[in-house]
Amino acid sequence: MDLHGLNDKQQEVVRTTEGPVLVLAGAGSGKTRALTHRIAYLIEEKGVRPWNILAITFTNKAAGEMRERVIDLLPSGGDQVWVATFHATCVRILRRYGELLGYERSFSIYDTDDQKTLMRQVMKTLELDPKMYKERSLLAAVSDAKNRMVSPEQMAIDASGDYRRMRYAEAYAEYQVQLKKNNAMDFDDLLVKTVELFQNCPEVLAEYQEKFRYILVDEYQDTNGVQFRLVKLLSEKYRNVCVVGDDDQSIYKFRGADIRNILDFEDAFPGATVIRLEQNYRSTGSILDAANHVIANNEDRKAKRLWTENETGAKVRMVSYDTAQEEAEGIVRMMENAVSRGIPLRECAVLYRTNAQSRALEERCVTRSLPYRLVGGVNFYQRKEIKDILAYLRTVANGLDDISVLRILNVPKRGIGQTTQAKVAEFAQQEELSFYDALCEAEAIPGLGKAAAKLDAFVSLIERFRVEAEEIPIADVIDMVLEESGYQKELEETEDDTTVQSRLENIEELKSKAEEYESEAGDDADLAGFLEDIALVADVDRMDDSEERLTLMTLHSAKGLEFTKVVISGMEDGLFPSFQSINDVEHPEQLEEERRLAYVGITRAKKELTLTMARTRMVNGETRYGAESRFVAEIPENLLEREDKSTLYRPQRERRDLYQTPPRRASKWDAYADYGKGSLPYQGGGSPFGKDVSQLFELGRSAKKAAPAPAVIDYHAGDRVRHTKFGDGTVLSMEDGPHDTEVTVEFDRVGIKKMMAGFAKLRKIED
DNA sequence: GGGCCTCAAGTTTTT
DNA sequence: CTTGAGGCCC
């Protein structure tokens, strides 16, 4: 096997096939290359049979790519390697052996929305006051417990009499009971139940231990407690486990990822070989330098020194704008410019901290007709019509899935309202039936009256779908649902034309996904498999990167990807790093995670990196003000090329008093009002965000009044004025706003600009 | 049982 | 600003 394309360390990764191996792979160090060669090497040089290898990746996309590359490296057999995510791996195992845990083969996988619905039910049963207990935090506690493999019983014991914690434990217990009743698992369960399966059924564990003689885990820094258990259990017999990760790129703590898995690997797997991949092949010297400087501010990390032989390249650009709209506009122009310089658009990406930021960018792309692809965001599968159709399919596939049955029972309207539902639910509980089974016995339910016939009709509808679903393609089942349930008819009657059209288009899209699935899965294709595919496949996984489009996505989604040109937008304190991470003094490690996220973002760039910020930004209908992200200050100035395209007032240290005046009205942001006064390292520009900008303008004005030379608006439409940055121009119009006058000026050099008179520092000039 | 209206909350990140 | 949930009235 030809390993000449690999450096010494990479070759070591390939050749150290036996025993536990920890590969500390820095960003862009060619770890995928090393891993794929390792797999090929095992098969070709060591005679390992492909099906004895398990490779776990973080996303399905990564899995697909890895499989492709292994196939390319080998004359044959590459497709026999088991490459999948943890979740997909577990589902495959549970579909096969889940019955040993009392689940039916066709169990449903509940997504976040389903979890919420279920938890709301739990809260009702337990009479938990929604004011006191938020389903969000209950679910977070449940997930956290599962990640640590803590059972409801254990949680109750740990609560040691603390009333609130006891209630949490009860909710957890009831939640599990209901999941089970629905023959459903949430994402965490997929992992937890697999571990349970292995613990309860040693013969099953033995089978998989025997099967998976060589195990590889990518992105190991983002594994959680359960995933660690899984790896540990599976590798116990042959101990050939190779994990690859970078503690500096651990960005999923909020999801339960435990960085200690990588930091303590050598303790968990004694005798492990540790290999460091520190040569970066991806980025220019400047970009890598910037990344190294930022991440160096983290305390809790394995020291490493990433280096490169690549050219130094251009400096990192930092551009500031007034508003998110202007920022978006500027970014889109930058991308157009990049294309004109010969960089393919598919090699360009805009990364941001929150999905909400994508909107302004999208709008700009549309108006300037720049093709783009949005990764993530409002998920396709979360759309109402898609969820409705999927609920039908899930009901067909899994009759115990009450959440789905309840969703569609009266969609479209069948005259089955709350009262009827309540009666059925009561009956179901008495008779210990699932909701659907109770529906089947409608005649036996007391006090239903005419509703019983309606329930009957619903049941026979579903039963008909069930019979057909065995025979016809899934896309046809969807058509059947649309027509025979009356769903489409109601949709057309109640919604306006444009929404009907877009909803039907979405459903068409779902149908083509079904067809895609069926052609890929071949004979194994069934409804449960399709639904599972949908549940486990993330948005990035579907990203088609062959098209010439600009990619828009969150920093999280960008993990593992690379682009020639990267723009990270929204570099504002309070946005990135997020408020939560700045303010949570109890958990300083949160800020370190944000910094790792910045590191991940920076290291995605191959040739060009630009950071942008907007001084004001609309969030939840409020305009908020932001200071430059502290992460920018962590990049040495000599690596930066700054450009300020903003006109707004910039806060200075001596003006901090402006921000400490109590807000005019109570708002949820009050909690942040004290920010900046504390002992945090950041003491600069005053409160980032957190205030209504109009208030800021007002404060600014009152400050000006006190100042020796207050700004006087002595110009009118038609006058010539001078701006400190934009030069001379003609006032086009002036409009009084609630707090200030908005002036529109056509500048000779930079064109038309709108600005607030109070801050624009315009001076009337005679010409 | 259904439809309309008002009000509140929300978003940090995702398999 | 949006969306979802709950309340009220028909």
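Residues numbered from 1 in each chain as written. Chains lettered and ligands numbered in written order. Predicted model: local features only at pLDDT ≥ 70, side-chain atom pairs only at ≥ 80, totals over all residues. Heavy atoms only, no water.

A. The arrangement of the overall build of chain A in detail. The helix and strand inventory of chain A stands at 30 helices and 23 strands. For chain A, the accessible area works out to roughly 34300 Å², and carbon and sulfur atoms hold 48% of it. (Helix = DSSP H or I, 4+ residues; strand = E, 2+ residues; numbered from the N terminus. Areas by Shrake-Rupley, 256 points an atom, 1.4 Å probe, with all protein chains shown as cover.)

B. Layout of the environment of L531. Within the secondary structure, L531 sits in helix α25 (residues 527-536). Relative accessible area serves as the criterion here: at 14%, L531 is assigned to the buried category. When the C-alpha atoms of L531 and G271 are compared, they prove to be 42 Å apart, with 260 residues separating the residues in sequence. The contact partners of L531, leaving out residues within four places of it in the chain, are L390, L393, R394 and A397. (Buried < 20%, exposed > 50% of the residue type's maximum accessible area, 1.4 Å probe, protein only. Contact = heavy atoms within 4.5 Å.)

C. Molecular detail of the packing of helix α7 (residues 152-159) against helix α8 (residues 163-181). Between α7 and α8, the shortest axis-to-axis distance is 8 Å and the interhelical angle comes to 175 degrees. One way to sum up the angle between α7 and α8 is to call them roughly antiparallel. From α7, P152, M155, A156, D158 and A159 reach across to α8, where they touch R165, M166, Y168, A169, Y172, A173 and Q176. Residues belonging to the contact of α7 with α8 are distributed by class as follows: nine nonpolar, one polar and two charged. (Axes fitted to C-alpha atoms, helices over the stretch in contact; angles between N-to-C directions. Parallel < 35°, antiparallel > 145°, perpendicular 65-115°, else oblique. Nonpolar A, V, L, I, M, F, W, Y, C, P; charged D, E, K, R; others polar.)

D. Quick peek at the packing of aromatic side chains. Inspection of every chain in the model, using the stated rule, returns 14 aromatic pairs. Ring geometry for Y103 against F107: centres 6.5 Å apart, planes inclined by 75 degrees, an arrangement best described as edge-to-face. Residue Y103 shares its accessibility class with F107, and that shared class is buried. For the cation-ring pair, R164 lies above Y133, with the distance from its terminal atom to the ring centre recorded as 4.5 Å. When the ring centre of Y252 is taken as reference, the NZ or CZ atom of R255 above it lies at 4.4 Å. (Phe/Tyr/Trp six-rings, centres within 6.5 Å; stacked < 30°, edge-to-face > 60°. Lys NZ or Arg CZ within 6 Å of the ring centre and 35° of its normal.)

E. Region of the structure containing helix α16 (residues 358-367). Listed in full, the buried residues belonging to α16 are S358, A360, L361 and C365. Buried residues along α16 cover an arc of 165 degrees about the axis, so they all sit on one side. Away from the buried face of α16 by more than 90 degrees, exposed residues R359, V366 and T367 are located. Remark: S369 follows α16 within two positions and exhibits a positive phi of approximately 40 degrees. (Arc of directions from axis to C-beta.)

F. Focus on the pattern of salt bridges. Enumeration according to the criterion identifies 66 salt bridges in this entry. Ionic pairing is found between K302 and E266, a salt bridge with its closest N-O pair at 3.2 Å. Of the two residues, K302 sits in the loop between α14 (285-295) and β10 (307-308) while E266 sits in helix α13 (residues 265-268), which places them 36 residues apart along the sequence. Taking relative accessible area as the criterion, K302 reaches 15% and is therefore assigned buried. (Salt bridge = Lys/Arg side-chain N within 4 Å of Asp/Glu carboxyl O.)

G. Local environment of the sheet that holds strand β2 (residues 53-57). In space, the six strands of this open sheet follow the order β3-β2-β6-β7-β1-β8, with parallel pairing throughout. Because the sheet does not close on itself, it has two edges, and the strands there are β3 (82-85) and β8 (273-277). Looking at each pair of strands side by side, their axes are set apart by 15 degrees on average, direction ignored. Across the sheet, helix α3 (residues 60-73) touches β2 and β3, and the angle it forms with β3 is around 165 degrees. (Pairing = 2+ DSSP bridges.)

H. A look at the nonpolar core. L393, L439 and L510 are the most contacted members of the largest nonpolar core, which has 49 residues in total. No other element matches the eight residues that helix α21 (residues 451-469) contributes to this core. One finds L54, A84, C90 and F212 within the second-largest nonpolar core, a separate group that totals 47 residues. (Core = buried A, V, L, I, M, F, W, Y, C linked by side-chain atoms within 4.5 Å.)

I. Here's a closer look at helix α22 (residues 474-484). Looking at α22, one finds that the buried residues are I474, A475, V477, I478, M480, V481 and L482. Against α17 (384-397), α21, α23 (487-494), α24 (497-521) and α25 lie the buried residues of α22. In the segment just after α22, G486 is the residue with positive phi, at about 85 degrees.

J. Up close: unusual backbone geometry. In the segment running from V411 into P412, the intervening peptide bond is cis, with an omega of 0 degrees. Structurally, the position occupied by P412 is in the loop between α18 (402-408) and α19 (418-431). Along the chain, F576 connects to P577 via a cis peptide bond; the corresponding omega equals 5 degrees. Turning to its location among the elements, P577 is positioned in the loop between β15 (563-568) and α26 (579-583). Phi at E127 takes a positive value of approximately 55 degrees, unusual for a residue other than glycine. Summarising the element assignment, E127 is placed in the loop between α5 (112-125) and α6 (135-147). Looking at E127, the relative accessible area reads 71%, which means it is exposed. Unlike most non-glycine residues, R239 shows phi in positive territory, near 60 degrees. By secondary structure assignment, the location of R239 is in the loop between α11 (225-235) and β7 (241-245). Using a relative accessible area of 35% as the deciding quantity, one classes R239 as partly exposed.

K. Seen up close, the side chain of S29. Along the chain, the position of S29 falls in the loop between β1 (21-25) and α2 (31-44). Classification of S29 as buried rests on a relative accessible area of 2%. In contact with S29, other than residues within four places in its own chain, are Q10, L277, Q279, N280 and Y281.

L. Fine view of the pairing of strand β12 (residues 348-352). Here β12 lies mainly inside the structure; five of its five residues are buried. Judged by which residues are buried, β12 turns out to be covered on both faces: C348, V350 and Y352 on one side and A349 and L351 on the other are all buried. The sheet contact formed by β12 and β15 spans four bridges and is parallel. Bridging from a neighbouring strand, C348 pairs with K565 of β15. Both β12 and strand β14 (residues 550-554) contribute to a ladder of four bridges, which runs parallel. Each bridged residue has a counterpart across the sheet, and for L351 the counterpart in β14 is M553.

M. Region of the structure containing a negative patch on the surface. On the surface, E431, E432, D437, E441, E443 and D456 cluster together to form a negatively charged patch. Position of E443 relative to the elements: it lies in the loop between α20 (435-440) and α21. Overall, E443 belongs to the exposed group, its relative accessible area being 55%. (Patch = residues over 30% accessible without salt bridge, like charges linked within 9 Å, V, L, I, M, F, W, Y side chains within 5 Å. Lys, Arg positive; Asp, Glu negative; His and termini not counted. Charge placed at Lys NZ, Arg CZ, Asp CG, Glu CD.)

N. Up close: the pairing of β14. For β14, a buried count of five out of five residues is recorded, marking the element as mostly surrounded by other parts of the structure. Residues L550, L552 and T554 point to one face of β14 and T551 and M553 to the other, with burial holding for every one of them. Where strand β13 (residues 372-374) and β14 come together, three bridges link them in parallel fashion. In the sheet register, R373 faces β14, and the bridge partner there is T551.

O. Molecular detail of the environment of Q227. On the secondary structure map, Q227 appears in helix α11. Along the primary structure Q227 and L406 are separated by 179 residues, whereas in three dimensions their C-alpha atoms are 33 Å apart. At a separation of 2.8 Å, a polar atom in the side chain of Q227 contacts the main-chain amide nitrogen of N224. (Polar contact = N/O pair within 3.5 Å; in protein donor to acceptor, adjacent residues only side chain to side chain.)

P. Structural view of the packing of α5 against α8. Axis separation between α5 and α8 bottoms out at 9 Å; the angle between their running directions is 120 degrees. With respect to α8, the element α5 is oriented oblique. Here α5 runs over α8; the crossing is right-handed. In contact with Q115, L118, M119, Q121, V122 and T125 of α5, α8 contributes A171, E174, Y175, Q178 and L179. (Left-handed = near helix turned anticlockwise from the far one by under 90°.)

Purely geometric numbers; function is a separate question.
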